[in-house]
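Observations on the model geometry
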2 protein chains.
Amino acid sequence: MKPTDAELEILQVLWSKGPSTVRQVHDELIKTRDVGYTTTLKLMQIMQEKGILSRTEDARSHVYHVLIGEEETQKSLLGRFVETAFRGSATKLVIQALGQHKASREELDEIRALLNQQLNQNSPD
Amino acid sequence: MKPTDAELEILQVLWSKGPSTVRQVHDELIKTRDVGYTTTLKLMQIMQEKGILSRTEDARSHVYHVLIGEEETQKSLLGRFVETAFRGSATKLVIQALGQHKASREELDEIRALLNQQLNQNSPD
DNA sequence: TCTTTACTACGAAATTCTTCGTAGATACTA
DNA sequence: TAGTATCTACGAAGAATTTCGTAGTAAAGA
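What follows concerns the relation of the copies chain B and chain A. Once turned by 179 degrees and shifted 0.0 Å along the axis, chain B lies on chain A with an RMSD of 0.1 Å. Such a combination of rotation and displacement between the chain copies is what one expects of a two-fold axis. Minimal C-alpha separation from the rotation axis in chain B is found for Val 94 of chain B, amounting to 2.8 Å. The residues that chain B uses at the interface reappear at the interface of chain A in 100% of cases, marking a shared surface.

Before going further, it helps to spend a moment on the pattern of salt bridges. All told, the structure shown has ten salt bridges over all chains when counted by the stated rule. For Lys 50 of chain A, the salt bridge identified is with Glu 7 of chain A, shortest N-O distance 2.7 Å. A residue pair is termed long-range when its members are at least 10 positions apart, and Lys 50 of chain A in helix α3 (residues 37-50) and Glu 7 of chain A in helix α1 (residues 5-17) qualify at 43 residues. Under the relative-accessibility criterion, Lys 50 of chain A is labelled partly exposed at 49%. The salt bridge partner of Glu 28 of chain B is Lys 17 of chain B, with a shortest N-O separation of 3.7 Å.

With that settled, the discussion passes to the packing of aromatic side chains. Two measures describe an aromatic ring pair: the distance that separates the ring centres and the angle between the ring planes. Across all of its chains, the model carries three aromatic pairs over all chains by this definition. Seen in terms of ring centroids, Phe 81 of chain A and Phe 81 of chain B are 4.1 Å apart; in terms of plane orientation they differ by 5 degrees. Their pairing is stacked. Taken together, the residues Phe 81 of chain A in helix α4 (residues 70-86) and Phe 81 of chain B in helix α4 (residues 70-86) connect one chain to another. The two residues Phe 81 of chain A and Phe 81 of chain B agree in class, both being buried.

Next up on the list: the protein's contact with DNA strand C. Contacts to DNA strand C come from 20 residues, most closely from Arg 23, Tyr 37 and Arg 55 of chain A together with Thr 4 and Gly 36 of chain B. When atoms of DNA strand C within 4 Å of the protein are sorted by moiety, sugar and phosphate together comprise 66%. Within the side chain of Arg 23 of chain A, one N or O atom sits 2.5 Å away from a phosphate oxygen of DNA strand C. Between DNA strand C and Gly 36 of chain B there is a distance of 2.8 Å, counted from a phosphate oxygen to a backbone nitrogen or oxygen. If you list the elements that add at least two residues to the surface near DNA strand C, you get α3 and β3 (61-66) of chain A together with α1 (5-17) and α3 (37-50) of chain B. Per-element tally for the surface near DNA strand C: the top contributor is α3 of chain A, with five residues. Looking at the surface near DNA strand C residue by residue, the class counts come to four nonpolar, eight polar and eight charged.

Right, let's talk about the protein's contact with DNA strand D for a bit. With respect to spatial proximity, 20 residues lie near DNA strand D, and among them Thr 4 and Gly 36 of chain A together with Arg 23, Tyr 37 and Arg 55 of chain B are the closest. Atoms of DNA strand D within 4 Å of the protein belong to the sugar or the phosphate in 67% of instances, the rest to bases. At a separation of 3.1 Å, a base oxygen of DNA strand D approaches a polar side-chain atom of Arg 60 of chain B. At the level of elements, α1 and α3 of chain A together with α3 and β3 (61-66) of chain B are the ones that each hand at least two residues to the surface near DNA strand D. At five residues, the largest contribution of residues to the surface near DNA strand D is made by α3 of chain B. Counted by class, the surface near DNA strand D contains four nonpolar, eight polar and eight charged residues.

Rules used in this analysis
- Residues numbered from 1 in each chain as written.
- Chains lettered and ligands numbered in written order.
- Predicted model: local features only at pLDDT ≥ 70, side-chain atom pairs only at ≥ 80, totals over all residues.
- Heavy atoms only, no water.
- Least-squares fit on C-alpha atoms with pLDDT ≥ 70 in both.
- Contact = heavy atoms within 4.5 Å.
- Salt bridge = Lys/Arg side-chain N within 4 Å of Asp/Glu carboxyl O.
- Helix = DSSP H or I, 4+ residues; strand = E, 2+ residues; numbered from the N terminus.
- Buried < 20%, exposed > 50% of the residue type's maximum accessible area, 1.4 Å probe, protein only.
- Phe/Tyr/Trp six-rings, centres within 6.5 Å; stacked < 30°, edge-to-face > 60°.
- Near = heavy atom within 4 Å.
- Polar contact = N/O pair within 3.5 Å; in protein donor to acceptor, adjacent residues only side chain to side chain.
- Nonpolar A, V, L, I, M, F, W, Y, C, P; charged D, E, K, R; others polar.

Structure (structure tokens):
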């Protein structure tokens, strides 16, 4: 499953807001980008045909639901991204990401916990 | 600077092998993908027009050099990726990356060091 | 009821990216 | 020298993605 960039924008809205009409999604999109209503509509129709979204007919408009999980999709995108941009080195990616973005204490703790887990798996001593 | 997927493949070869002719790049590409020689040639010509590559004429063939740094490009791609795929949360990305890929002890140590740095910056106590 | 508004369906244009065929030039080889 | 191999240049087809205009329909409001 490789959503295009435009599809991903729509997915982000649906993941964050839950099931929505085209109008609702579109109102979110135009906050950051200039795009026509029928463009959003068309994209969501295509996504439905592809099986990424389903829809239920609510009165006159349709309510769209996401059929793929956010984490599952991120996982797949991440795998591909590590390959194409980092020649397969997830570690390099992690290091760059940590270097660029500041994380909160809680987040750092979470990452640290994960690291410890891996350390133990690698060479338990 | 947003290289396309095909461009990125070529960049990877050049970053890893250093300045190369079209033939050399192409010989690497066909190890993993079926593509015609003139396709590789055309792409590299386009990249040169865009200013991603420069070339020096060596005898009858041309030798191409990358004009953009690998880390700099990764940084830019990563920033975009975090936005589009992880809604801006680099931490989520790091956690997923760590969960998915095994790292060596040395790599883990490097990441750990980075974490400590950030911890100190955040709340030095 | 008539008009305006909001929605879906759909075709097709526009854009971007990728692919390759063909032509022309130059070097190498028998 | 004739023929073959290898290279660049370039146009254009093909494919994938994104965009939007137009038409049709149903609801809401005057």
